[in-house]
Protein chains: 4
Amino acid sequence: MPTLPPPSARQRRKEARPGELLDAALALFVEKGFAATRVEEVAARAGVSKGTLFLYFPSKEDLFKAVVRETIAGRLDEWNQELDAFEGSSAELLRYGLHSWWERIGMTPASGITKLIMSEARNFPEIAAFYEQEVIEPGDHLLRRVLQHGMDSGEFRPLNLELAVYSLIAPMIFLLMWKHSMAVCLPADKQFDPKAFLDSQIDLLLRGMLATPDAPTERTAP
Amino acid sequence: MPTLPPPSARQRRKEARPGELLDAALALFVEKGFAATRVEEVAARAGVSKGTLFLYFPSKEDLFKAVVRETIAGRLDEWNQELDAFEGSSAELLRYGLHSWWERIGMTPASGITKLIMSEARNFPEIAAFYEQEVIEPGDHLLRRVLQHGMDSGEFRPLNLELAVYSLIAPMIFLLMWKHSMAVCLPADKQFDPKAFLDSQIDLLLRGMLATPDAPTERTAP
Amino acid sequence: MPTLPPPSARQRRKEARPGELLDAALALFVEKGFAATRVEEVAARAGVSKGTLFLYFPSKEDLFKAVVRETIAGRLDEWNQELDAFEGSSAELLRYGLHSWWERIGMTPASGITKLIMSEARNFPEIAAFYEQEVIEPGDHLLRRVLQHGMDSGEFRPLNLELAVYSLIAPMIFLLMWKHSMAVCLPADKQFDPKAFLDSQIDLLLRGMLATPDAPTERTAP
Amino acid sequence: MPTLPPPSARQRRKEARPGELLDAALALFVEKGFAATRVEEVAARAGVSKGTLFLYFPSKEDLFKAVVRETIAGRLDEWNQELDAFEGSSAELLRYGLHSWWERIGMTPASGITKLIMSEARNFPEIAAFYEQEVIEPGDHLLRRVLQHGMDSGEFRPLNLELAVYSLIAPMIFLLMWKHSMAVCLPADKQFDPKAFLDSQIDLLLRGMLATPDAPTERTAP
DNA sequence: GATGAATGAGTGTTCATTCAT
DNA sequence: AATGAATGAACACTCATTCAT
């Protein structure tokens, strides 16, 4: 089996460039906002010169859009598949879903994208629409499926899906906003543990949603 | 007791200036962010010239700080007093508290301050600290009192106060962020009603917190 | 008769600004071309800062267009009127016209506009079209009238008007190009006197155009 | 006499490179001016990469000088020889000279060099001096010889040589400027035919210069 | 006090030039 | 020799801030 000639060091760098720039840009846009971030800073953080950035992205705004597009791209497919395959109770499913959201998004740099979009939405309405379409809407759909499934099985009491979904979205978005704003600025003794909060929050919500809320944190025995 | 002569119209305008500028600045900072807002726009929106703004605020940053300070100033005293005087159940108290928060803050332009601070916290850590000290901390304290009271009376089951408080804060902050970011950019059919969401959310949380969650939306009969 | 309050020194400066900037811009654009002229230079030459220039002209390109528009504006009306009132021979009229062109355009800074337009036409086709419409076309028309008049009176032999007109335009444009390019770069001994050239050229052309070319430089005796 | 082995195709291309680059550069400099032309465009038009251009020319300015030098190089020798060999009348000689100028220069891409130099002279005074020395001065000398010859033979009336020469140069330079600026921007109905103009112009000038201007367009019969 | 003309430091963007491959 | 990725100096344009009126 013939191997392709190994890409030169330069080639490797070239291919990595856009990614490095996008990482740097995401971090800085999240930290300082779009307007307050200088492209030179982004370039410096990616280890290149200002000019190089413009080799890959035609303008600061295009860089911004690329950051959003790349960070968001197709993140929800995995969950939809997992949902289809999931075999436990709806409560377990919810719990699993939020935990894995934290592991795959909340904990990672990608979490910043939400803060960024919330902060800049009004300056970039197309971006907001894109986020709605690519993240909120599919996420909403996914959560609805979970809740509907729980209601159909009698596990959950009847819920207003439209609103209940936002009860699940709210703590996630709150967590991201908090993490990327207040948490960065407060001393250690004012912090709280995101995972503990998530657990506590799921617990509370499940108690509120289950038809038989006696033992919401454990799977009901057969 | 001699009364002061009534201030002339001009006098009145002059005294109103800072307030008009602060209103304009709040609206624009919330809409576009600090960096992307031009002082000239603020001045124009307040109906004065650029120079005049600098007569009242020595710099754009000082204007920003004044906006935060003025919008926030001592908003929580009222609630603390109401809490002391409240005579209903803790569930009712919570319900009342969140509703009145919506009426007095959430619905008003002051609601923007939270989005603003979340967005700019990392650029202005002192502002974040100020907000923590003036809003979060007292709000946290107030909510703890409510929850503690409910627990003491046996109305609520035992809760981890530290985390439970954030379960109440989360939907509020989510609501503000959403309102000032996504909601502005989405078409009518993608919107949801904030008050309905609040109601539904309180319902859910109360079911989760009450010791006897049978009738969470109504005060338990004697 | 009440006089208007005299404009303040500042007011006076403000009103003079655009004109000063246009003068400076014309000179520099003619000298270095559009692309090679820095707006800061233009501003400096007009005695203001870079920012001030942008107070009056939204962009470098707009400045360029304004230069062309202002320098050209309605220069030919005067000649048309003089032509109507002229009482001498056509030869005298031609001679007078070219001399006064030199006095009013050729000798003045406005002469640079032609060099500028010839040099930049292909980068600014609208400008070229504007020049054609505002200068070439009316000038062409004016010259045709003169030649036609001479032919009608029998003073000139039959001419192909279309081409003959360019025989008059050619030395003018040549003179302007030469003056603003080569002449500036050559030592004194390589120069020639524009007025002497004009005289000699008119002489030559008149000899070529007159029906009785015996005494082209003097009005034919009765 | 042994012949060198024929250069390979690659070799030929390699040797042709500078020429292809010079052609591309001439065309673009003429079209857009020196400052507004990007070296990358020149390279692209010549079918090579940006880096390659700098292999042949150490800088953009050197490229410019090479363009001028190569385009101009020794164009006048031929005419001087033809002049020495010419056997017809001076009028015929002039007519022949201007026609062949049009064929060999005016019609060809080399014609652009004059527009280029006129436009850029003040940014590159050495270039202007070079052009004066290599083109104007020899051309001037050549034309003087023609006119002097005509005066010596009694064919032309006495002329101020210094000025009369520019009467011949003027229409040529005008034609080049026009062709490379206005003509490119104007619609078909505003154009004129260069050769027809040249004919008409020569006719006019000869009538003005000949001692016996009766039949300037035809050689006087013996 | 109020204005808005003026400033100049700062930033996004371009492009001639270099150099590792 | 040829490439094209990378650079950074240069430049158009913005905008917070000043200050003469």
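Procedures and definitions
Residues numbered from 1 in each chain as written. Chains lettered and ligands numbered in written order. Predicted model: local features only at pLDDT ≥ 70, side-chain atom pairs only at ≥ 80, totals over all residues. Heavy atoms only, no water. Helix = DSSP H or I, 4+ residues; strand = E, 2+ residues; numbered from the N terminus. Buried < 20%, exposed > 50% of the residue type's maximum accessible area, 1.4 Å probe, protein only. Contact = heavy atoms within 4.5 Å. Least-squares fit on C-alpha atoms with pLDDT ≥ 70 in both. pLDDT = per-residue confidence, 0-100. Buried area = accessible area lost by both parts, 1.4 Å probe. Salt bridge = Lys/Arg side-chain N within 4 Å of Asp/Glu carboxyl O. Phe/Tyr/Trp six-rings, centres within 6.5 Å; stacked < 30°, edge-to-face > 60°. Near = heavy atom within 4 Å. Polar contact = N/O pair within 3.5 Å; in protein donor to acceptor, adjacent residues only side chain to side chain. Nonpolar A, V, L, I, M, F, W, Y, C, P; charged D, E, K, R; others polar. Bend = angle between axes of the 7 residues up to and from the residue. Axes fitted to C-alpha atoms, helices over the stretch in contact; angles between N-to-C directions. Parallel < 35°, antiparallel > 145°, perpendicular 65-115°, else oblique. Left-handed = near helix turned anticlockwise from the far one by under 90°.

Chain A carries the name TetR family transcriptional regulator in an unreviewed UniProt entry, which gives Hydrogenophaga electricum as its organism.

### Digging into the overall build of chain A
On a plain count of helices and strands, chain A comes out with eleven helices and zero strands. Mapped from its N terminus to its C terminus, chain A presents α and β elements in the order α-α-α-α-α-α-α-α-α-α-α. By residue count, 49% of the 222 residues in chain A fall in the buried class. The contacts in chain A between residues at least 6 apart in sequence include a share of 68% that link residues at least 24 apart.

### A word on the relation of the copies chain B and chain A
Relative to chain A, chain B is turned by 180° and slid 0.0 Å along the rotation axis, the superposed coordinates differing by an RMSD of 0.1 Å. When the rotation and shift are considered jointly, the pair of chain copies conforms to a two-fold rotation axis. Among all residues of chain B, the minimum C-alpha distance to the rotation axis is found for G208 of chain B, at 2.3 Å. In this assembly the copies share their binding face: 100% of the residues contributing to the interface of chain B also contribute to that of chain A.

### Re the confidence of the model for chain A
Of all residues in chain A, 90% attain a pLDDT of 70 or more, and the chain-wide mean is 90. Overall, residues 216-222 of chain A carries pLDDT values under 50, and its contacts beyond four positions in sequence, including any with other chains, amount to twelve contacts.

### Describing the interface of chain B and chain A
Each partner contributes to the interface: chain B provides 50 residues, whereas chain A provides 50 residues. When chain B packs against chain A, close to 4500 Å² is buried across both sides, 69% of that on carbon and sulfur atoms. Considering only the side of chain B, the residues that lose the most area to chain A are R122, Y166 and L204 of chain B, jointly responsible for 16% of the buried surface there. Applying the counting rule to chain B against chain A returns seven salt bridges. For K190 of chain B, the salt bridge identified is with E132 of chain A, shortest N-O distance 3.6 Å.

### Re the packing of aromatic side chains
In this structure the tally under the stated criterion is 60 aromatic pairs over all chains. Measuring from ring centre to ring centre gives 5.6 Å for W178 of chain A and Y166 of chain B, while their planes differ by 70°; the resulting arrangement is edge-to-face. Of this pair, W178 of chain A sits in helix 9 (residues 161-180) while Y166 of chain B is found in helix 9 (residues 161-180), placing the two residues in two different chains. A relative accessible area of 3% means that W178 of chain A is categorised as buried. Centroid distance F174 of chain B to W178 of chain B: 5.6 Å. Interplanar angle 35°. Geometry classified as tilted.

### Here we look at the protein's contact with DNA strand F
Taken together, 35 residues surround DNA strand F, and among them R17 and Y56 of chain A, K50 of chain C together with R17 and T52 of chain D come closest. The share of sugar and phosphate among atoms of DNA strand F within 4 Å of the protein is 65%. Contact distances for DNA strand F include 3.5 Å between a base nitrogen and a backbone N or O atom of G51 of chain D. Between DNA strand F and T52 of chain D there is a distance of 2.5 Å, counted from a phosphate oxygen to a side-chain nitrogen or oxygen. Here the surface near DNA strand F is composed, by residue class, of ten nonpolar, eleven polar and 14 charged.

### Things to note about the side chain of S100 of chain D
Residues and elements named next belong to chain D. Along the chain, S100 falls in helix 6 (residues 90-106). For S100, a relative accessible area of 5% puts it in the buried group. In this structure the side chain of S100 is engaged in a polar contact, spanning 2.8 Å, whose partner is the side chain of W79. Residues contacting S100, with those up to four places away along its chain left out, are W79 and I105.

### Describing helix 8 (residues 125-152) of chain C
Every α-helix winds through 3.6 residues per turn, so residues three or four apart in the chain are directed the same way. Residue E132 of chain C marks the point of greatest curvature in helix 8 of chain C, where the axis turns by about 40°. Taken from the residues just after helix 8 of chain C, G154 of chain C is the one with a positive phi, measuring 80°.

### Considerations on the protein's contact with DNA strand E
In the neighbourhood of DNA strand E, 34 residues make up the surrounding shell, with K50 of chain A, T52 of chain B together with R17, T52 and Y56 of chain C lying closest. Put simply, 64% of the atoms of DNA strand E that lie within 4 Å of the protein are in sugar or phosphate. One of the backbone N or O atoms of T37 of chain A is found 3.3 Å from a phosphate oxygen in DNA strand E. For DNA strand E, a phosphate oxygen lies 3.2 Å from a polar atom in the backbone of S49 of chain B.

### Structural notes on the pattern of salt bridges
The full count for this structure, using the stated rule, is 54 salt bridges over all chains. With a shortest N-O distance of 3.9 Å, R157 of chain C and D203 of chain D are connected by a salt bridge. With R157 of chain C in the loop between helix 8 and helix 9 (161-180) and D203 of chain D in helix 11 (residues 194-209), this pair bridges two chains. For R157 of chain C, a relative accessible area of 16% puts it in the buried group. Among the residues examined, D203 of chain D registers a relative accessible area of 13% and is labelled buried. Here E137 of chain D and K190 of chain C are joined by a salt bridge, their closest N and O atoms 3.5 Å apart.

### Some remarks on the interface of chain D and chain C
Residue-level contacts link 50 residues of chain D with 50 residues of chain C. When chain D packs against chain C, close to 4500 Å² is buried across both sides, 69% of that on carbon and sulfur atoms. Summed over the three residues of chain D that lose the most area to chain C, namely R122, Y166 and L204 of chain D, the buried surface amounts to 16% of that side. There are six salt bridges connecting chain D and chain C. Our count for the chain D to chain C interface comes out at nine residue pairs in polar contact (both at pLDDT 80 or more). Counting only elements with at least two residues in the side of chain D that touches chain C, the list comes to helix 1 (9-32), helix 7 (112-120), helix 8 (125-152), helix 9 (161-180), helix 10 (182-185) and helix 11 of chain D. Among the elements that take part in the side of chain D that touches chain C, helix 9 of chain D stands out by supplying twelve residues, more than any other. Looking at the side of chain D that touches chain C residue by residue, the class counts come to 30 nonpolar, nine polar and eleven charged.

### Describing the environment of G150 of chain A
All names here are of chain A. Here G150 shows up in helix 8 (residues 125-152). A relative accessible area of 0% places G150 in the buried class. The spatial distance from the C-alpha of G150 to the C-alpha of A211 is 9.6 Å, given a sequence separation of 61 residues. Non-local contacts of G150, meaning those with residues more than four positions away in its chain, are made with S90, E155 and F156.

### Remarks on the packing of helix 6 (residues 90-106) of chain C against helix 8 of chain C
Residues and elements named next belong to chain C. Between helix 6 and helix 8, the shortest axis-to-axis distance is 9 Å and the interhelical angle comes to 160°. Classed by the angle they form, the pair helix 6 and helix 8 counts as roughly antiparallel. Note on packing geometry: the crossing formed by helix 6 with helix 8 is left-handed. Along the contact surface, helix 6 presents S90, L93 and L94, while helix 8 presents V146, L147, H149 and G150. Classifying every residue of the contact of helix 6 with helix 8 by side-chain character gives four nonpolar, three polar and no charged.

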